Amino acid sequence: PVCINGRRPFLQCPCLGDRSGGAAQISILQSLSTLSNSTAGPPAASAGLDFVLKEAADYVYSVALRDGLLAAGGCDGKVRVYEAATGTLLRTLEEAADWVRAVALGDGLLAAGGSDTKVRIYEAATFRLLRTLEEAQSSVFSVALHGGLLAAGCCDGKVRVYE
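In this text, all values refer to a predicted model and were calculated from it rather than measured experimentally.

> What's the story with the overall build of the protein in this structure? I'm lost.
Along the backbone of the protein there are one helix and 13 strands. Reading the protein from its N terminus to its C terminus gives the helix and strand order β-α-β-β-β-β-β-β-β-β-β-β-β-β. Across the 163 residues that make up the protein, the buried fraction comes to 39%. A separation threshold of at least 6 residues defines the contact pool for the protein, and within that pool the share at least 24 residues apart is 43%. For the protein, the accessible surface area stands at approximately 9,000 Å², while carbon and sulfur atoms represent 52% of it.

> Explain the pattern of salt bridges here, please?
Where charged atoms from two side chains of opposite charge approach closely, those side chains can pair. One pass over the structure, following the stated rule, counts five salt bridges. Here Asp67 and Arg66 are joined by a salt bridge, their closest N and O atoms 3.8 Å apart. A salt bridge links Arg120 to Asp116; the shortest N-O distance between them is 2.9 Å. We note that Arg120, like Asp116, is buried.

> Even after reading the chapter, I still don't get the pairing of strand β5 (residues 79-83), so can you show me in this structure?
On a regular strand, one side chain projects to one face of the sheet and the next to the other, so that they alternate. Taken across its five residues, β5 has four buried, putting it largely inside the fold. In this sheet, β5 lies alongside strand β4 (residues 69-74) in antiparallel orientation, the contact comprising five bridges. Looking at the pairing, Leu70 lines up with Tyr82 of β5. Joining the antiparallel neighbours β4 and β5 is a turn of four residues, in which Gly77 adopts a positive phi near 80°.

> Help me out: how do you make sense of the packing of aromatic side chains in this one?
Two descriptors summarise a pair of aromatic rings, namely the distance from one centre to the other and the angle between the planes of the rings. Going through the model one piece at a time under the given rule, you end up with two aromatic pairs. Ring centres of Tyr59 and Tyr61 lie 6.3 Å apart, and the angle between their planes is 50°; on these two criteria the pair is classed as tilted. You can call Tyr59 partly exposed: its relative accessible area is 29%. Among the aromatic residues, ring-to-ring pairing joins Tyr59, Tyr61 and Trp99 into one connected group. In this arrangement the basic side chain of Arg101 is found over the ring face of Tyr61, its NZ or CZ atom lying 5.0 Å from the centre.

> Teacher, can you tell me more about the sheet that holds strand β13 (residues 159-162) here?
In sheet architecture, strand pairing relies on hydrogen bonds along the backbone and comes in two forms, parallel and antiparallel. With antiparallel pairing, three strands are arranged side by side in an open sheet as β11-β12-β13. The sheet is open, and its two borders are formed by β11 (140-146) and β13, each paired with just one other strand. Pairs of neighbouring strands in the sheet enclose a mean axial angle of 15°, with direction left out of account. By the bridge criterion, six bridges tie β11 to strand β12 (residues 149-154) in an arrangement that is antiparallel. Looking across to β12, one finds that His146 is bridged to Leu149.

> Got a minute to help me understand the sheet that holds β4 in this structure?
The antiparallel open sheet is built from four strands, whose spatial order is β3-β4-β5-β6. Here the strands that pair on one side only, and so sit at the sheet edges, are β3 (60-66) and β6 (89-93). When the angles between neighbouring strand axes are averaged without regard to direction, this sheet yields 15°.

Criteria and thresholds
- Residues numbered from 1 in each chain as written.
- Predicted model: local features only at pLDDT ≥ 70, side-chain atom pairs only at ≥ 80, totals over all residues.
- Heavy atoms only, no water.
- Helix = DSSP H or I, 4+ residues; strand = E, 2+ residues; numbered from the N terminus.
- Buried < 20%, exposed > 50% of the residue type's maximum accessible area, 1.4 Å probe, protein only.
- Contact = heavy atoms within 4.5 Å.
- Areas by Shrake-Rupley, 256 points an atom, 1.4 Å probe, with all protein chains shown as cover.
- Salt bridge = Lys/Arg side-chain N within 4 Å of Asp/Glu carboxyl O.
- Pairing = 2+ DSSP bridges.
- Phe/Tyr/Trp six-rings, centres within 6.5 Å; stacked < 30°, edge-to-face > 60°.
- Lys NZ or Arg CZ within 6 Å of the ring centre and 35° of its normal.
- Axes fitted to C-alpha atoms, helices over the stretch in contact; angles between N-to-C directions.

Below, the structure is given as structure tokens:
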């Protein structure tokens, strides 16, 4: 993808070939409730690795954790949704045509955006695709859901807000 003034994104994904690092991994720390209740600093050194999710074949660009779900989007163009407590894969969403760079969970929804310039909104309980937003002219690098609003930050320097 090409961004502002013809510059490429700061991070390119070498999706071809083996990178001797094996599968992409998402690590979950134990005691996430302790982290969310903490008022200062990183987790204690005693916090251990709870499990590793290894379904992605390459870079994982974005993760979101909320309401018992963990969503992960990456270089393979898929959004994987897990049960956060166990790491059980619940669903793989494959509608994206290119890298998924951003995922968000909130308000009973899952939003995903990426290099295909679209933001897809799913119902979090059923993973049913509700709507595809196509106004962006360049890669979507961030999405956020809160209070009935969805915001999408794009490579064209614009943040688009939807109700």
